Amino acid sequence: MAEHAPAAARRQQQIEELCGAAVRALAGRTDLHFRARRLHQGEHLLPFAAPHLYPSLEEDDYASFRGATDALALRLTHSDFALHRRLAPPELARRFVFEVLEQLRVESLVPPDWPGARANLRHRFESWSAAWVASRQLEGTRGLLLYTLVQVTRSRLTGEGVYEPTEEAIESTRWDLMPRIGVALRALQRTRGDQAAYAGHALALADTVVAMLAEQQAGDERDDAGDGQTDAAPGFALLLEALEHEAEAPPPVAEHGDSRVLEAAGNRYAVFTRAYDEERGAVELARAEVLRGLRARLDELVAQSGLNVGRLARDFRVLLATPAPDDWTSGQEQGRIDGRRLSQLVANPAERRLFRDEHWQPKAQCVVSLLLDCSGSMKRHNEPLAALVDMLARALEEAGVGVEVLGFTTASWQGGRARRDWQRAGSPPHPGRLAERRHIVFKDLATTWRRARAGLAALLKNDLFREGVDGEAVEWACARLREAATDDTLQRRILIVVSDGSPMETATNLANDVHYLDHHLRQVVAREEATGGVEILGLGVGLDLSPYYGRCHTLALDGLPGRATFHEIMALVGGRHRR
């Protein structure tokens, strides 16, 4: 069994990628993807829990997965999640019925010009019905009642017949069920285009079915065993898990807006004075003994994480490496003529080993720059952030990737000397950026991780974290990547911006408007991407940075980073997150 695990994992990954592409196209949303066979929006599980939505990797075919994908796309298109969540009953059994009825409603709304989707939905439903029967769920009274409910409701909403092989098996239960739910079923059919009206009738039907389940359990002790079996039905465990754990609220989106001041100036960003701007190495900002103590603390954090940096390096090497010419192999019987061996042909006309072949070796032909937001709000994340950056820089270096670690902040709070100069000048309106901008180099491309250990430890120095001017920092980091990484063989230059909020510098916002800096950041990112040569990615710490970065991901850094955190970063670098 174990020998087939890699093949099963590859098949699951292939299916998830294909289904993810299909659901994004059908639903018109770019942030949808499958993980562990469950649909996620960004990093958040969508609790669509009707049991037929989850085919079995071992038992079902591709058409079943496509049918489930079409069903999920219809749910995203025709169902208001907030309304559904508000109207859903709190009791698990009633919520089960309510959830299934809503899913059947949206599947009945498949457009008439989607005959392929209709066929996929039918195929998936029949496959689920067959699996339910094969798992002997019809032998329990509760399983039989729930199955009959699903069959007759779908038949009434879509106009299609019930699953033919079980038509006789459910006949008696349907005979008992229809007099009690017939009126509600007709109302469901009549209101299937109106989610709110449909929900009222679905709740009434759920009450009736739950009452019938309670009657059966009270009248027959065998229902206890039947109930236990129902949980084992295909998809039922997933259903209960999703219903018991509602979808997490999506991460907040970075506040953003257009700056009237910047627009009035023709989108020309202004800086009142650059006299106090500086670029400093991190080791210059702390005493050597302080850095030694911070380094010891950082080493403790890395050890507590328990991660194997060598394994991370191998993962990054596989992700980023591409074949590149490395050397020549001589003495071949075919390939390019090797001039050094032509003399052997004179000595032995039968000699054939006169050629050489180029030897190719996987190499990571890229450089990565980490640009860290060192504003005050990031101070609470400094320990997990420092551990993450330290291990990431080391793993990338071991993978053969050039790495530099940069940061941006201000040298003082609320504008400092720049603001005082502006006040002495009479406080002219709309002065542009008012701050002592500070750019920090924790590790440059030419310095190895081992020699940069002290600089990286400075990330734990709390008084470095003040305010942030993001746009100028992104320009600076992109310029450094282009200047330092001039090798023509480089295939990728990647800038990863790590931040937990919108640009914020108090003096600048007060003297201009609140969106002056974030408007400029959007301008810079758009301009740098148009220039090309550098890929700009955003890592939001508990925040969705999509207003600024087309490719971004939200990280949770409430504790030390684990292996899953690095896999999320790999997915971002590999292009598998929001675009």
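Now for a quick tour of the structure. (Residues numbered from 1 in each chain as written. Predicted model: local features only at pLDDT ≥ 70, side-chain atom pairs only at ≥ 80, totals over all residues. Heavy atoms only, no water.)

**Structural notes on the nonpolar core**
Here's step 1: Counting 58 residues, the largest nonpolar core has L372, V405, F442 and I496 as the members making the most contacts within it.
Here's step 2: Counting residues per element, this core draws most heavily on helix α15 (residues 382-398), which supplies 10 residues.
Here's step 3: When sequence neighbours within four positions are dropped, the list of residues in contact with I496 reads V368, S369, L370, L371, L537, L539 and V573.
Here's step 4: By size, the runner-up hydrophobic cluster in this structure holds 56 residues, among which are L121, V150, L157 and L185. (Core = buried A, V, L, I, M, F, W, Y, C linked by side-chain atoms within 4.5 Å. Buried < 20%, exposed > 50% of the residue type's maximum accessible area, 1.4 Å probe, protein only. Helix = DSSP H or I, 4+ residues; strand = E, 2+ residues; numbered from the N terminus. Contact = heavy atoms within 4.5 Å.)

**Comments concerning helix α13 (residues 309-320)**
The α-helix winds at 3.6 residues per turn, so residues separated by three or four positions along the chain end up facing the same way.
Here's step 1: The end-to-end C-alpha distance of α13 is 16 Å, a good match for the 16 Å that 12 residues give at a rise of 1.5 Å each.
Here's step 2: Among all positions in α13, only V309, L312, A313, F316 and L320 are buried. Around the axis of α13, the buried residues are gathered within 100° of arc, so they sit on the same side.
Here's step 3: Near the N-terminus of α13, the side chain that reaches the backbone nitrogen of G310, with its oxygen 3.0 Å away, is that of N308. (Expected span 1.5 Å × (residues − 1). Arc of directions from axis to C-beta. Polar contact = N/O pair within 3.5 Å; in protein donor to acceptor, adjacent residues only side chain to side chain.)

**Some thoughts on helix α2 (residues 62-78)**
Here's step 1: For α2, built from 17 residues, the straight-helix expectation of 24 Å at 1.5 Å per residue is met to within 8% by its first-to-last C-alpha distance of 24 Å.
Here's step 2: In terms of burial, α2 is largely enclosed, as 12 of its 17 residues are buried.

**A word on the packing of α2 against helix α4 (residues 92-107)**
Here's step 1: Running from N to C, α2 and α4 cross one another at 90°; their axes reach a closest spacing of 8 Å. Comparing the axis directions of α2 and α4 gives the class roughly perpendicular. Contact residues: α2 offers A71, L74, R75 and H78, while α4 offers E99, E102, Q103, R105, V106 and E107.
Here's step 2: Each residue belonging to the contact of α2 with α4 can be placed in one class, and the counts come to three nonpolar, two polar and five charged. (Axes fitted to C-alpha atoms, helices over the stretch in contact; angles between N-to-C directions. Parallel < 35°, antiparallel > 145°, perpendicular 65-115°, else oblique. Nonpolar A, V, L, I, M, F, W, Y, C, P; charged D, E, K, R; others polar.)

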